[in-house]
Amino acid sequence: MKSINLKIKNNSGITLSSKLELPENRETTTYAIFAHCFTCSKNLNAVTNIAKALNSMGIAVLRFDFTGLGQSGGDFSETDFSSNVQDLIDVASFLAEEYHAPKLMIGHSLGGAAAIYAGKQIVSIKAIATVGAPSSPHHVQHLFQHSIDEILEKGKALVQLGGRDFTISKQFIEDISNTNMKELMDTLRKPIIILHSPQDTTVDIKNAAEIYGYAHHPKSFISLDGADHLLTDSKYSNYVGKMIAQWVTIYLE
């Protein structure tokens, strides 16, 4: 694949570190945006593998670091779920202006929930794919439940997630508490595919069942039997990329 490093300004003027990966030796059929998991980055192995698999089937992928994460600017402690959604909208606007408007939105874990919220708002998006996504953004709160009282009392607290320290703010807690996935999906009229592992111990598979129940047809589900939440075995991330690429073709004609 051909990789282009990009610096994209969001609506707050913060630079988002991004990579646009284009298919080589074949025509690009469409453009997709990938939203990574909570506190992850665009360089997670699963993300790069999914992008490569999509590239092999003619789909260009833009992956980027949300504000305050990876190589992007900004302060993570000042972000929330709504700002993640806005980052996706801003990245889509950049693609539309500089390349081609994206038609496919893909999200992993909390990024999957953000992909649904942003995908509903972006007119050019024709289809949405989620991988290991929670049925409510509020789900991520269990990762730092032991610090909730401190966050609410002091306004923020330092918590350890995945072996790294992050500052979680009261604003973040309030924002994820005020989102309602069911209410949003009542009015979502875009095809969606939900991929989830029954062995996912971070986001239980019942979340996939709830998202599927909220969604209107056309909707699809694929069980990633044997995979963990981060798709650390590359066979699963390669499979996810190929399945999404095959599924979306009918909606892009």
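The rules we used
Residues numbered from 1 in each chain as written. Predicted model: local features only at pLDDT ≥ 70, side-chain atom pairs only at ≥ 80, totals over all residues. Heavy atoms only, no water. Helix = DSSP H or I, 4+ residues; strand = E, 2+ residues; numbered from the N terminus. Rg over C-alpha atoms; globule rule 2.2 N^0.38 Å. Buried < 20%, exposed > 50% of the residue type's maximum accessible area, 1.4 Å probe, protein only. Contact = heavy atoms within 4.5 Å. Areas by Shrake-Rupley, 256 points an atom, 1.4 Å probe, with all protein chains shown as cover. Lys, Arg positive; Asp, Glu negative; His and termini not counted. Charge placed at Lys NZ, Arg CZ, Asp CG, Glu CD. Pairing = 2+ DSSP bridges. Right-handed = clockwise from strand over helix to strand, strands pointing away. Salt bridge = Lys/Arg side-chain N within 4 Å of Asp/Glu carboxyl O. Expected span 1.5 Å × (residues − 1). Axes fitted to C-alpha atoms, helices over the stretch in contact; angles between N-to-C directions. Parallel < 35°, antiparallel > 145°, perpendicular 65-115°, else oblique. Left-handed = near helix turned anticlockwise from the far one by under 90°. Nonpolar A, V, L, I, M, F, W, Y, C, P; charged D, E, K, R; others polar. Core = buried A, V, L, I, M, F, W, Y, C linked by side-chain atoms within 4.5 Å. UniProt positions renumbered as here; feature names shortened; annotations may be inferred. Phe/Tyr/Trp six-rings, centres within 6.5 Å; stacked < 30°, edge-to-face > 60°.

1. Side note on the overall build of the protein chain
Counting its secondary structure elements, the protein chain contains 8 helices and 10 strands. In terms of overall size, the protein chain behaves like a compact globule, its C-alpha atoms giving a radius of gyration of 17 Å where 253 residues would be expected to give roughly 18 Å. With the C-alpha coordinates of the protein chain rotated into their principal frame, the extents come out at 55 × 40 × 35 Å. Buried positions account for 55% of the 253 residues belonging to the protein chain. Nonlocal contacts in the protein chain, meaning residues at least 24 apart in sequence, comprise 67% of its contacts between residues at least 6 apart. Looking at the protein chain as shown, the accessible area adds up to about 11000 Å², and 46% of this sits on carbon and sulfur atoms. Within the protein chain, one finds 22 positive and 26 negative side-chain charges whose respective centroids are separated by 6 Å.

2. Remarks on the pairing of strand β5 (residues 104–108)
When you tally the buried positions in β5, you get 5 out of 5 residues, the bulk of the element. Here β5 shows two buried faces, one formed by Leu104, Ile106 and His108 and the other by Met105 and Gly107. Of the pairings in the sheet, the one linking strand β3 (residues 30–35) to β5 comprises 4 bridges and is parallel in character. Along β5, the bridge assignment pairs alanine 32 with leucine 104. Each parallel crossover has a hand, and for β5 linked through helix α3 (residues 110–121) to strand β6 (residues 127–131) it is right-handed.

3. Here we look at the pattern of salt bridges
Using the criterion set out here, one finds 4 salt bridges in the structure. Two residues, aspartate 186 and lysine 182, come together in a salt bridge whose shortest N-O distance is 3.9 Å. Residue classification places aspartate 186 among the partly exposed residues on the basis of a relative accessible area of 36%. On the basis of relative accessibility, which here comes to 44%, the residue lysine 182 falls in the partly exposed class.

4. A short note on helix α8 (residues 234–248)
With 15 residues, α8 extends 21 Å from end C-alpha to end C-alpha; this agrees with the ideal 21 Å at 1.5 Å per step. If you check which residues of α8 are buried, you get Tyr236, Ser237, Val240, Gly241, Ile244, Ala245, Trp247 and Val248. If you follow the buried residues of α8, they end up packed against α1 (45–55), β4 (59–64), β5, β6, β9 (192–196) and β10 (219–223).

5. Focus: the packing of helix α2 (residues 81–98) against α3
The geometry of α2 relative to α3 is characterised by a closest axis approach of 9 Å and an angle of 55 degrees between their N-to-C directions. By the angle class used here, α2 and α3 are oblique. Every pair of crossing elements has a handedness; the one defined by α2 and α3 is right-handed. Between α2 and α3, the contacting residues are Phe81, Val85, Leu88 and Ile89 on the first element and Leu110, Ala113, Ala114, Ala115, Tyr117, Ala118 and Gln121 on the second. Taken together, the residues of the contact of α2 with α3 sort by class into 10 nonpolar, 1 polar and no charged.

6. Remarks on α3
Along an α-helix, residues three or four apart share an orientation, since each turn contains 3.6 residues. With 12 residues, α3 extends 17 Å between its outermost C-alpha atoms, agreeing within 8% with the 16 Å of an ideal straight helix rising 1.5 Å per residue. Where burial is concerned, most of α3 is hidden: 10 out of the 12 residues are buried. Taken residue by residue, α3 has Leu110, Gly111, Gly112, Ala113, Ala114, Ala115, Ile116, Tyr117, Ala118 and Gly119 as its buried positions.

7. Considerations on the side chain of serine 77
Looking at the element boundaries, serine 77 is found in the loop between β4 and α2. With near-sequence residues (within four places) excluded, serine 77 lies in contact with Thr167 and Ser169.

8. As for the nonpolar core
By size, the foremost hydrophobic cluster in this structure holds 56 residues, and its most contacted members are Phe38, Leu88, Met105, Ile116, Phe144, Ile168 and Met185. Considering each element in turn, this core owes the most residues, 8 residues, to α2. In this structure, Ala32, Ile59, Leu224 and Val248 belong to the second largest nonpolar core, which totals 26 residues.

9. Section: the UniProt feature "domain: Serine aminopeptidase S33" (unreviewed entry) in the protein chain
The feature "domain: Serine aminopeptidase S33" (unreviewed entry), as annotated in UniProt, sits at residues 46–152 in this numbering. Regarding residues 46–152, the helix share stands at 42% and the strand share at 15%, and the terminal C-alpha atoms are separated by 34 Å.

10. A few points about the packing of aromatic side chains
Summed over the entire model, instances satisfying the criterion amount to 8 aromatic pairs. On the basis of an interplanar angle of 75 degrees and a centroid distance of 5.1 Å, the ring pair of phenylalanine 64 and phenylalanine 66 is categorised as edge-to-face. Looking at phenylalanine 64, the relative accessible area reads 1%, which means it is buried. Both rings, one in phenylalanine 94 and one in tyrosine 99, keep their centres 6.4 Å apart while their planes meet at 50 degrees; by these two values the pair is tilted.

11. Let's talk about the side chain of histidine 108
Relative to the helices and strands, histidine 108 resides in strand β5. The residues touching histidine 108, leaving out its near neighbours within four places in the chain, are Phe34, Ala35, His36, Cys37, Leu44, Val131, His229 and Leu230.

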